Amino acid sequence: MVTAILTSARGGSDELLPYLTTRAEVVLTEASGALIDRAGDHLPGADRAALAFAADTTVRLVVSHIVLPREPIEQTATALADLAVHLFSAAARPAP
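The structure displayed is predicted, hence computed values, not measured ones.

What counts, and at which threshold
Throughout, residues of each chain are indexed from 1 in the direction in which the sequence is written. In keeping with the predicted nature of the model, local features appear solely for residues at pLDDT of at least 70, side-chain atom pairs appear and are counted solely at 80 or more, and the whole-chain, interface and lining totals rest on all residues. Side-chain metrics rest on all non-hydrogen atoms present in the structure, leaving aside hydrogens and water. Secondary structure elements are taken from DSSP: a helix is a run of H or I of four residues or more, a strand is a run of E of two residues or more, and numbering for both begins at the N terminus. To estimate how far a helix should extend, the number of its residues minus one is multiplied by 1.5 Å. Relative accessibility decides the category of a residue: with a 1.4 Å probe and only protein chains considered, values under 20% of the type maximum give buried, values over 50% give exposed, and everything between is partly exposed. Arc definition: directions from the helix axis to the C-beta atoms. What makes two residues a contact is simply this: any of their non-hydrogen atoms within 4.5 Å. To qualify as a nonpolar core, a set must consist of buried Ala, Val, Leu, Ile, Met, Phe, Trp, Tyr and Cys residues joined through side-chain atoms within 4.5 Å. Lining residues are those with an atom within 4 Å of a point, where the points come from a 1 Å grid over the protein atoms alone and group into cavities, where a 1.4 Å probe fits but cannot get out, or pockets, open sets with protein on both sides within 12 Å along at least five of seven lines. Grid points are joined across faces, edges and corners, and a volume is the space filled by probe spheres set on the points. Only Asp, Glu, Lys and Arg are considered charged in this grouping, and only Ala, Val, Leu, Ile, Met, Phe, Trp, Tyr, Cys and Pro are considered nonpolar; every other residue, Gly among them, is considered polar.

Turning to helix α4 (residues 73–92), a few remarks are in order. In this model α4 runs 28 Å from its N-terminal to its C-terminal C-alpha over 20 residues, within 8% of the 28 Å that 1.5 Å per residue would give. Restricting attention to buried positions, one finds in α4 the residues T76, L80, A84, L87, F88 and A91. Along α4, the residues classed as buried sweep out an arc of 90° about the axis, all on the same side. For α4, the exposed residues lying more than 90 degrees away from the buried face are E74, D82 and V85. The inward-facing, buried residues of α4 abut α2 (25–42) and α3 (48–67).

Turning our eyes to something else, we now look at the nonpolar core. Counting residues in each nonpolar core, the largest one holds ten residues, listed as I36, A39, A46, L51, A54, A55, A84, L87, F88 and A91. Those elements giving two or more residues to this core turn out to be α2, α3 and α4. L51 has contacts with I36, A39, G40, L43, A46, F88 and A91, leaving out every residue within four places of it along the chain. V27, L28, V59 and V63 belong to the second largest nonpolar core, which has five residues in total.

Each pocket or cavity is described by its volume, and for the second largest pocket that value is around 200 Å³. Forming the boundary of the second largest pocket are twelve residues, of which A31, L35, T58, V59 and V62 lie nearest the centre. Every element with two or more residues in the lining of the second largest pocket is listed here: α2, α3 and α4. In terms of residue count, the dominant contributor to the lining of the second largest pocket is α3 (five residues). Grouping the constituent residues of the lining of the second largest pocket by class yields eleven nonpolar, one polar and no charged.

Another point: the side chain of T58. On the secondary structure map, T58 appears in helix α3. Look at T58 and you get buried, because its relative accessible area is 11%. Aside from chain neighbours lying at most four places away, what touches T58 is L35, A84, L87 and F88.

Okay, structure coming up:
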């Protein structure tokens, strides 16, 4: 979905762009849900609320960096992946 939105915007049509800006709820919800499901498969004992927070935070950061990039894409992707691993690992740890 993100690829379709960005491709259409680069081609001169911005009718899908609101799905990354003012109407991003669909993208955020679907992408977060996919991450929660995937993480839940690999971290079965993880706290669901912590997984939801990790997924939502990761997706929001990714969308933000897609819309307004600062660094080269490879550098940003690596940094975001490292952060996501940290967040999901924290969700898998038992609460103190």
